[in-house]
Amino acid sequence: MNFDTIRSDSSIIHVFPFNSEKKRGGIALKLPDNGVHIHWKGAAEIVLDSCTKYIDANDGLVPMNENEMILFKKAIEDMAARSLRCVTIAYRSYEIKNVPANEEELAHWEIPYDDLVLLAIVGLKDPCRPGVKDAVQLCTKAGVKVRMLTGDNLRTAKAIALECGILGSDADATEPNLIEGRTFRAFSEVQRQEIAERISVMGRSSPNDKLLLVQALRKRGHVVAVTGDGTNDAPALHEADIGLAMGIQGTEVAKESSDIIILDDNFASVVKVVRWGRSVYANIQKFIQFQLTVNVAALVINVVAAVSSGDVPLNAVQLLWVNLIMDTLGALALATEPPTDHLMDRPPVGRREPLITNIMWRNLLIQALYQVAVLLVLNFRGRSLLGLEHDDRSHANEVKNTLIFNAFVLCQLVNEFNARKPDEINVFKGVTRNRLFMGIVGLTLVLQVIIIMFLGKFTTTVRLSLKLWLVSIAIAFISWPLAMIGKLIPVSETPFSEFFARKLQRRRTSRGSINMGHGDAE
C-alpha cells in the first residue's frame, strides 16, 4: 500500500490524545468515500476488552467469541512474560451523520469506544540499557531500594523487573512486592502506608499512584527520590525529597518540577547522583571533624594555661595562622575529596540523623585529648623536659611556646590525613589522586617552616634547633597510630544526643513516679 497517499486522502475529524489514566489514544478519520473510521491503540488487554470482532487471515470480519478472546489474552500474556510491551490496534466504522457538526460540540465529543474490530496485537521489545542491572545492584548495596512504577501490565512489569534486577527471582514476584495500580489506590491511607515499604513493582500504575506512593513513603519517614519524564509526573516529582527529570525525553513541566535533570536519561546516572551526594555530605563531615578538633584543642590549651599561669602559649597572630589552616586551607583540602566506592557501602543517612556521628565524636575526642595532654605537659613542664632550666627565663618561655605552636600546627597537618577517612584504618588510600589536598598540605608545611625560621618578629617565635624540630614532628606523627588504634574502639549506633536524651527522660519519669508515690502516701 502507498501509505502517504492513503493518509493524504483522509482528513482528521477529532483526536483523543493518549491518556495515561485510560491507557489508550484514539482518532476519528474522514475517508475519501465520506465514510468515518475511528482508530484506537493502547494497553493490549484494555483495548481488547472493547473488541467484539476481529479480522481473520482472509480479511473477513469474524465475531469475537469467548474462546477467541481467551486465545488473544493468552497471546498477550505470553508476550508480556518475555518482557514485551503489548499494544492492541483496533478500529470501528461510524456514520458521518452522527459526527457533531459544529466546532464546540466536536471539541467535547467523546469518540466511541465500543464495538471495536481487532486489527493486531503488537509486542514491542524495550530492552534495558547496558549497565542498568549493575546500577540497580549498586543502589541495593548502598541501601537504596529501587521501585518500578510502570503503565505496563503486571506480567510485562514482572519480566522487566527480573531482567534489570529489581526483583531477585520469581519467588519475589508476589503481592505486595508486585502489585497493580488500581489495587494500591483502592487501599485506605493507613493501608497504603503499611504496604508501601514492601512494594517493588507496580504495574498499570497512573501518575496519581506514583504521587500516592511518594506520600505514603514520606509519611513513614523515608527519604524519597522520584524519576519522571511526563507532565503528569510533575506532582510526584514536586512532592518527593529529590525529583529527577529526564533531560532528553522529559517535558519542560517535569524539568521545572524536579531538583536534578539527568541529561542522558540513563538510570545508571542515578548512581552517580547518590555517589556525589554522599561524597559532599561525607566531605562536610570530614571538615567538621577536623575543625572541631582544632577548636577544642586550641581553646582548652589557652584557657587552662591562662587560668593557671596567666600566660597563653598561643598568641593572636599564631591563632590567626591556625584559623587560616583550619578554615580556608582545611576546607579546600577536605571538601575536594573525590567520591569513592566505599561511600556506596554505607547505609543511607536518615532524615533525623545528626550531622556529627558517634564515629566523629570518638575520633575528635581522641585527637583533641592527645593534643591537649601533650601540649599542656610541654606548657607546664617544658623547661625541664627540654633542658632549658639554665637558660634565661624569657628565652626559655619563647622556645617552649614556639615548640608548642609548631607541634600544634604539625598535629593539624597530620590530623587532616586522619580526617580524610573517619572510619577507615588506611588514611592514605587514594591520597595521591587528590592533588589539591597534597598541594595544600605541602604549602602549609612550607609556610610553617618559613614562619618558624624567618618570621619570628611577626609571630613572636624563635628559631628551633633540629632537635626541637624532630620533637615537634614526633609529637605530630604519634597522631597516626593513635587514630588507627582509636578506630578499633567500637561505638554505639545510637547517637550520643539521643542516648543522653533517653537517660534524661528516664530520670524525669522516675522522679515523677516518686513524687506521685509521696502524694498517694499523704
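So, how was this worked out
Residues numbered from 1 in each chain as written. Predicted model: local features only at pLDDT ≥ 70, side-chain atom pairs only at ≥ 80, totals over all residues. Heavy atoms only, no water. Helix = DSSP H or I, 4+ residues; strand = E, 2+ residues; numbered from the N terminus. Buried < 20%, exposed > 50% of the residue type's maximum accessible area, 1.4 Å probe, protein only. Lys, Arg positive; Asp, Glu negative; His and termini not counted. Salt bridge = Lys/Arg side-chain N within 4 Å of Asp/Glu carboxyl O. Contact = heavy atoms within 4.5 Å. Patch = residues over 30% accessible without salt bridge, like charges linked within 9 Å, V, L, I, M, F, W, Y side chains within 5 Å. Areas by Shrake-Rupley, 256 points an atom, 1.4 Å probe, with all protein chains shown as cover. Charge placed at Lys NZ, Arg CZ, Asp CG, Glu CD. UniProt positions renumbered as here; feature names shortened; annotations may be inferred. Polar contact = N/O pair within 3.5 Å; in protein donor to acceptor, adjacent residues only side chain to side chain. pLDDT = per-residue confidence, 0-100. Pairing = 2+ DSSP bridges.

Chemist: Would you mind going over the side chain of Lys 23 with me for this structure?
Modeler: With respect to the element layout, Lys 23 can be found in the loop between strand S1 (11–19) and strand S2 (24–30). Although Lys 23 lies buried, it forms no salt bridge, and the closest oppositely charged side chain, Asp 209, sits 6.9 Å away as judged by the N-O distance. Here Lys 23 is in contact with Phe 18, Gly 42, Ala 43, Ile 46, Gly 151, Arg 204, Ser 205 and Ser 206, once residues within four sequence places are set aside.

Chemist: What's the story with a negative patch on the surface in this structure? I'm lost.
Modeler: On the surface, a cluster of negative charge is contributed by Glu 389, Asp 391, Asp 392 and Glu 398. Mapped onto the secondary structure, Glu 389 falls in the loop between helix H14 (358–385) and helix H15 (393–420).

Chemist: I would appreciate a short explanation of the UniProt feature "transmembrane region" (unreviewed entry) in the chain in the present structure.
Modeler: In the UniProt entry, the feature "transmembrane region" (unreviewed entry) is given for residues 436–456 and 468–489. Within residues 436–456, the helical portion is 95% and the strand portion 0%, while the C-alpha atoms at the span's ends are 29 Å from each other.

Chemist: Please clarify how the environment of Asp 423 should be interpreted in this entry.
Modeler: Structurally, the position occupied by Asp 423 is in the loop between H15 and helix H16 (435–454). Relative accessible area serves as the criterion here: at 31%, Asp 423 is assigned to the partly exposed category. In contact with Asp 423, not counting residues within four places along its chain, are His 342, Arg 346 and Ile 359. Of note is the side chain of Asp 423, whose polar atom sits 3.4 Å from the side chain of His 342.

Chemist: Could you clarify how one ought to interpret the confidence of the model for the chain in this entry?
Modeler: Any residue range with low pLDDT should be treated as having predicted coordinates unsuitable for detailed reading. When pLDDT is averaged across the chain, the result is 86; 95% of the residues are at 70 or more. When mean pLDDT is compared element by element in the chain, strand S4 (residues 51–55) scores highest at 94, while helix H20 (residues 496–521) scores lowest at 60. Predicted confidence is poor over residues 518–522, with pLDDT under 50, and the contacts of this stretch with residues over four places away or in other chains come to zero contacts.

Chemist: I keep staring at the pairing of S4 and nothing clicks. Help me out?
Modeler: The side chains of a regular strand alternate, first on one face of the sheet and then on the other. With three bridges connecting them, S4 and strand S7 (residues 116–125) associate as parallel partners. From the neighbouring strand, Lys 53 faces S7, where its bridge partner is Val 117. Counting the residues between successive antiparallel strands, the hairpin from S4 to strand S5 (residues 61–63) contains five residues, one of them, Asp 59, with a positive phi of roughly 60 degrees.

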